[in-house]
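Tertiary structure, described
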Amino acid sequence: MLYSFYPSVNSGYSMLYSKLFGKTIKESPKDESSVNARLLIQAGFIRKEVAGVYNFLPLGLRVLNKISNIIRDEMDNTGAQELLLVSFQNKANWEKTGRWDSFDALFKVKSRYDFEYALGPTHEEVLVPLVKNFANSYRDLPLKLYQIQNKFRDEARSKAGLLRGREFLMKDLYSFHQSEKDLVDYYELMKKVYKKTFSRLGLNAIETLASGGTFSKFSHEFQVICGNGEDEIIYCPSGDFSQNSEITKVKEGKECDLGHGPLKKVKTIEVGNIFPLKDKFSKAFGLTFKDKSGKEKYVVMGCYGIGISRTMGAIAEVHNDKKGIVWPKSVAPYQVHLIHLGGVHPRFAKASPGESATSEVYDKLVKTGVEVLYDDREDVSAGEKFADADLIGIPVRLVISDKVSGGQVEWKKRDEDKTEIISVDQAIKRLG
Ligand code: ATP
Ligand code: MG
């Protein structure tokens with residue numbers, strides 16, 4: 001029984017806190033002004049390298065991977081294929097689209113030889129020439145390709161933690177179609193898929209009409225209401241209207257056309273953005289296909305981004321209380337934060353009834369496939385362990401102590417105050 005602690009340390013779905021790389025810290029970091037960076041650093045998820053550039057520690061990577069996998073699932077379901085493109089991009093292709101000079105935040109990397117590269121902030125300049133090698137006939141279309149990869153942008157301000165990185169993780173999908181009608185169908189589908197994806201991630205993202213920047217005439221952003229957000233939308237709380245306040249001529253307070261009352265202005269975080277590119281990039285690279293009658297036409301394109309690391313920051317901004325983060329179940333680093341109270345760990349001493357229950361509980365959870373972070377520390381007070389559990393924000397806390405034995409645990413949800421004593425089997429059932 002005791003031995004079973006060791007094999008499961010690195011099992012991927014369970015972790016001993018004593019072994020975890022990256023720990024909570026007492027004080028929230030003084031050089032961070034954003035809520036998300038302060039919480040995520042203090043709770044041991046990320047560490048800053050330089051402004052706008054963060055390392056993801058094991059806890060943080062688990063969250064990032066959970067977000068990525070939900071997004072993957074949704075993108076795959078639309079018939080898209082995942083690939084991985086380069087970060088060092090061909091300058092000549094950026095010159096072809098005119099964006100070598102017009103893309104403000106482009107990092108330009110000089111080799112010590114004669115080369116200069118664009119450090120990928122987006123991937124039209126890489127993917128369109130690549131697709132040209134493979135898609136030449138109507139039979140090859142539609143085609144949907146996406147990747148999950150670090151992007152680089154030379155942002156002017158980088159004080160918002162994960163919300164505005166100079167290096168950040170993005171999902172970017174590109175779709176290639178025979179006609180505008182086919183693009184519109186997929187674009188409309190993606191609006192629904194985005195809404196659903198963000199809802200699976202615990203976010204209510206409002207579809208918002210916005211400008212398309214260097215990509216297209218207009219675009220649709222997915223905006224999450226948050227007082228600390230850098231964007232602003234004018235929207236109808238009943239859900240039928242939303243425009244980014246940078247573009248819109250509509251004023252706050254105007255009556256909604258459908259009679260839902262006055263439109264509101266709120267601060268938001270842009271977590272996703274989709275663009276009908278049409279033939280802008282196909283024209284730049286001569287990406288054409290032969291239609292059924294043999295006629296040569298430009299491929300019609302769309303692109304669809306989600307800021308994955310920004311989404312993680314947005315979740316931390318929206319889901320927290322004064323004690324710490326409150327992760328939605330779908331993206332929490334672990335499902336259960338198991339706490340052992342009362343003296344020496346059973347590994348090192350003859351187990352008291354409560355202590356042996358701890359190892360049994362841990363064992364049982366792990367065997368059932370429940371993801372557990374187990375606070376096995378011996379020299380730490382109950383108060384400190386509870387405070388750390390609240391800060392880290394795992395949805396369910398289970399406590400074992402001398403007071404709770406006989407296969408029972410104290411159950412508490414992160415977002416409720418109520419505690420209950422229940423059997424381990426009941427706990428497993430509830431977690432199911
Ligand atoms: P912003 O207006 O916030 O600068 P953007 O409109 O330039 O972002 P897009 O080109 O639309 O960004 O990129 C797609 C998605 O990538 C955005 O919706 C956002 O979620 C994310 N993103 C963009 N820039 C950053 C950044 N600097 N840090 C983190 N995520 C970002
Ligand atoms: Mg955008």
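Everything quoted here is computed from the prediction, not taken from an experiment. (Residues numbered from 1 in each chain as written. Chains lettered and ligands numbered in written order. Predicted model: local features only at pLDDT ≥ 70, side-chain atom pairs only at ≥ 80, totals over all residues. Heavy atoms only, no water.)

**A few points about helix α2 (residues 58-77)**
Here α2 contains 20 residues, and its C-alpha end-to-end distance of 28 Å stays within 8% of the 28 Å for a straight helix at 1.5 Å per residue. Leu59, Gly60, Arg62, Val63, Leu64, Lys66, Ile67, Ser68, Ile70, Ile71, Glu74 and Met75 are the residues of α2 that are buried. Positive backbone phi, at 90°, marks Gly79, one or two positions downstream of α2. (Helix = DSSP H or I, 4+ residues; strand = E, 2+ residues; numbered from the N terminus. Expected span 1.5 Å × (residues − 1). Buried < 20%, exposed > 50% of the residue type's maximum accessible area, 1.4 Å probe, protein only.)

**Quick notes on unusual backbone geometry**
Note that the residue after Leu141, namely Pro142, is joined by a cis bond; omega there is 0°. With a phi angle near 55°, Lys278 is a residue other than glycine that sits in the positive phi range. Residue position: Lys278 is located in strand β14 (residues 264-278). The exposure class assigned to Lys278 is partly exposed, which follows from its relative accessible area of 33%.

**Section: the state of the cysteines**
Per the stated rule, a full pass over the model turns up zero disulfides. The thiol sulfur of Cys256 is not disulfide-bonded, and the nearest other cysteine sulfur, from Cys236, lies at 3.8 Å. (Disulfide = S-S within 2.5 Å.)

**Description of the sheet that holds strand β6 (residues 107-110)**
Pairing is antiparallel in the open sheet, where three strands are placed in the order β5-β7-β6. Each having just a single partner strand, β5 (88-90) and β6 make up the two edges of the open sheet. Averaged over all neighbouring strand pairs, the angle between strand axes comes to 45°, with direction disregarded. Alignment of β6 against strand β7 (residues 116-119), held across four bridges, turns out to be antiparallel. By the bridge assignment, Lys108 is partnered in β7 with Ala118. (Pairing = 2+ DSSP bridges. Axes fitted to C-alpha atoms, helices over the stretch in contact; angles between N-to-C directions.)

**Quick notes on the domain arrangement of the protein chain**
You can read the domains of the protein chain as domain 1 (14-18 + 333-431) and domain 2 (46-320). Each of domain 1 and domain 2 has a C-alpha centre, and the two are 41 Å apart. On the side of domain 2, four residues touch domain 1, which itself brings four residues to the contact. Here domain 1 meets domain 2 over a buried area of about 450 Å², counting both sides, of which 60% is carbon and sulfur. In terms of surface lost to domain 2, no three residues of domain 1 exceed Pro333, Tyr334 and Glu371, which account for 81% of the buried area on that side. For the pair domain 1 and domain 2, the interface holds two salt bridges. One salt bridge connects Lys66 with Glu371, and the closest N-O pair in it is separated by 2.6 Å. In this structure, the connection of domain 1 to domain 2 is made through three residue pairs in polar contact (both at pLDDT 80 or more). (Domains from an automatic or database assignment. Contact = heavy atoms within 4.5 Å. Buried area = accessible area lost by both parts, 1.4 Å probe. Salt bridge = Lys/Arg side-chain N within 4 Å of Asp/Glu carboxyl O. Polar contact = N/O pair within 3.5 Å; in protein donor to acceptor, adjacent residues only side chain to side chain.)

**Some thoughts on the packing of α2 against helix α6 (residues 180-200)**
Interhelical geometry of α2 versus α6 gives an angle of 155° and a closest axis separation of 10 Å. As judged from the angle between their axes, α2 and α6 are roughly antiparallel. α2 and α6 meet at a crossing whose hand is right-handed. Across from Ile70, Ile71, Asp73, Glu74 and Met75 in α2, the residues of α6 making contact are Met190, Val193, Tyr194, Lys196, Thr197 and Arg200. Residue classes in the contact of α2 with α6 are distributed as six nonpolar, one polar and four charged. (Parallel < 35°, antiparallel > 145°, perpendicular 65-115°, else oblique. Left-handed = near helix turned anticlockwise from the far one by under 90°. Nonpolar A, V, L, I, M, F, W, Y, C, P; charged D, E, K, R; others polar.)

**Brief notes about the environment of Thr419**
Within the secondary structure, Thr419 is located in strand β24 (residues 419-423). Overall, Thr419 belongs to the partly exposed group, its relative accessible area being 42%. Measuring from C-alpha to C-alpha, the distance between Thr419 and Tyr194 comes to 36 Å, with 225 residues separating the pair along the chain.

**Focus: the pairing of β7**
Side-chain direction in a regular strand flips from residue to residue, so the side chains alternate between the two faces of the sheet. Taken together, the three bridges between β5 and β7 define a ladder with antiparallel strand orientation. Bridging from a neighbouring strand, Phe88 pairs with Leu119 of β7.

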